[in-house]
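# Coordinate analysis (summary)
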Amino acid sequence: MEQPALNTSMMELILDNGNMHRAWKQVKRNGGSPGVDGITIDQFPQLVRSRWPGIRHALLHGYYIPSPVLRVEIPKKSGGIRKLGIPTVLDRVIQQAIAQVLNPLFDPEFSDSSFGFRPGRSAHGAIHQVHSYVASGYRYAVDVDLEKFFDTVDHDILMHHVGRTLRDKPVLRLIGRYLRAGVMDKCGGVRVPTPIGTPQGGPLSPLLSNILLHQLDTELERRQLRFARYADDFVILTKSRAEGDTILREITAFLGKKLKLVVNQTKSTVAPIQKCSFLGFTFTAKKICWTQRAYQEFLRTVKQLTRRSWGVSMQYRLYRLKVYIQGWMNYYGISQFYRPVQSIDEWLRRRIRMCYWKQWRYPRTRVRKLLELGVPREYAVIAGSSSKAYWRLSKSYATNAGMSNAWLAQQGLVNIKQLWCKAQGYS
DNA sequence: GTCCGACTAAC
RNA sequence: AUUGUUAGUCGGAC
Ligand SMILES: Nc1ncnc2c1ncn2[C@H]1C[C@H](O)[C@@H](COP(=O)(O)OP(=O)(O)OP(=O)(O)O)O1
Ligand SMILES: [Mg+2]
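Anyway, here's the lowdown on the structure attached to this text.

Conventions and cut-offs
Residues numbered from 1 in each chain as written. Chains lettered and ligands numbered in written order. Predicted model: local features only at pLDDT ≥ 70, side-chain atom pairs only at ≥ 80, totals over all residues. Heavy atoms only, no water. Axes fitted to C-alpha atoms, helices over the stretch in contact; angles between N-to-C directions. Helix = DSSP H or I, 4+ residues; strand = E, 2+ residues; numbered from the N terminus. Parallel < 35°, antiparallel > 145°, perpendicular 65-115°, else oblique. Left-handed = near helix turned anticlockwise from the far one by under 90°. Contact = heavy atoms within 4.5 Å. Nonpolar A, V, L, I, M, F, W, Y, C, P; charged D, E, K, R; others polar. Near = heavy atom within 4 Å. Polar contact = N/O pair within 3.5 Å; in protein donor to acceptor, adjacent residues only side chain to side chain. Areas by Shrake-Rupley, 256 points an atom, 1.4 Å probe, with all protein chains shown as cover.

## A closer look at the packing of helix 2 (residues 17–30) against helix 4 (residues 89–106)
Packing of helix 2 against helix 4 brings their axes to within 8 Å, and their N-to-C directions diverge by 120°. Taken together, the axis directions place helix 2 and helix 4 in an arrangement best described as oblique. Helix 4 is crossed by helix 2, and the crossing has right-handed handedness. Residue-level contacts link Asn19, Met20, Arg22, Ala23, Trp24, Gln26 and Val27 of helix 2 to Val89, Arg92, Val93, Gln96, Ala97, Gln100 and Val101 of helix 4. The residue makeup of the contact of helix 2 with helix 4, split by class, is 8 nonpolar, 4 polar and 2 charged.

## Digging into the site of ligand 1
With respect to spatial proximity, the complete set of residues near ligand 1 consists of Lys76, Arg82, Asp145, Leu146, Glu147, Lys148, Phe149, Phe150, Gln200, Asp232, Asn264 and Lys267. Phe149 is positioned with one of its backbone polar atoms (N or O) 3.1 Å from an oxygen atom of ligand 1. Between Lys267 and ligand 1, the recorded distance is 3.1 Å, taken from a side-chain N or O atom to an oxygen atom. Coverage of ligand 1 by the protein amounts to 72% of the 570 Å² it exposes when considered alone. For the shell around ligand 1, the residue count by class is 3 nonpolar, 2 polar and 7 charged.

Scope: geometric values only; no functional claims are made or implied.
Structure representation (structure tokens):
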């Protein structure tokens, strides 16, 4: 069949060998688990090679039917459960290929105040924008979160807005089929239809969610409001509580009526910025601060990593502790406020010492255990002799793991009381 | 700048 | 077991 020379279809761009290869690389590097067909990433290249020409033909001629997504429930960080919808490895590759073509098409249209799921944009960007509004005198925050966001996306409304900039009918039809692919339980084995929602786990879902909530962004911009949005979580800055209350009421109505989305009444608030919590941070008039909640979670996992009953070597334990602190600080390090209650540095050192305390109390058996774990003999012996010697041991391990005083300082984990005094204007 | 791996965070 | 997008840090091959 001869195509008109000048315009190649969108579907051909998606199925382009280079694009498909890039999509497969991405799915492979994610290392995710299989969907309903049970085909793993390792098995996929072999199994798909013979079937690919047929699948490609089906996609080009509009008769490809995606597999339903696998329902897996995982705990949310905030408590409660998250219902994932895991597509087949094949469908993840195809959706990824679609997303790679559609992202550059839609992204330029999106709002400057939209920060979630977008290339070149981050949670930090959203935080800095909110902070700049706070600094310029907006002291009240309307914090809104949507209920079961991905699961409640209305197909018709979404497809209408997708179709306004994507004109290609075959691709639109394929996206529609992905939305209606249905879900299957692992044990049940029966397909349940999905008349609403986009799967939490589909590579295309984040982009689709942004296309839908772009309608919200334009409404907020039309009203000339100061806001930042990250996925379904957004903050609108106002100068008074009353103003915030009416905005929350009107935006709730807008979302319900125009987009058929429900705002989470319990999670959504209007409060002075010190009480608001957005992407793990809160704000004072001058500073960005990590939330109490995020900080407590940090302490909890450090406790976990330094608990005595963990059958791994000290090196590995400290390595894990180091990378965790490094990663955590990487995100939360933009906080300009350090919690005053306790020196994290001192506390950390105490936790590290705890790892060895028990070993010191039972020298004979522990020394042997230490040797088994690959600890050099001289250190193992020192560990069994005295608490003072033990200190040398833990210090040496800590420095071997890269957690020197200088490193801790670099992480912002020393002189915390001093910094706090500065923050309060006492020094 | 591309690609690979480990980890952290937000949703 | 746990999917996806995005950002970041570290290490490696060009
Ligand atoms: N781990 C994840 N994997 C895939 N998608 C996710 C993940 N976390 C969040 N999302 C997507 C799907 C969610 O609908 C959307 C908003 O997240 P979130 O507000 O935490 O949950 P939710 O809106 O589905 O339920 P809730 O009613 O508790 O707010 O972001
Ligand atoms: Mg939500």
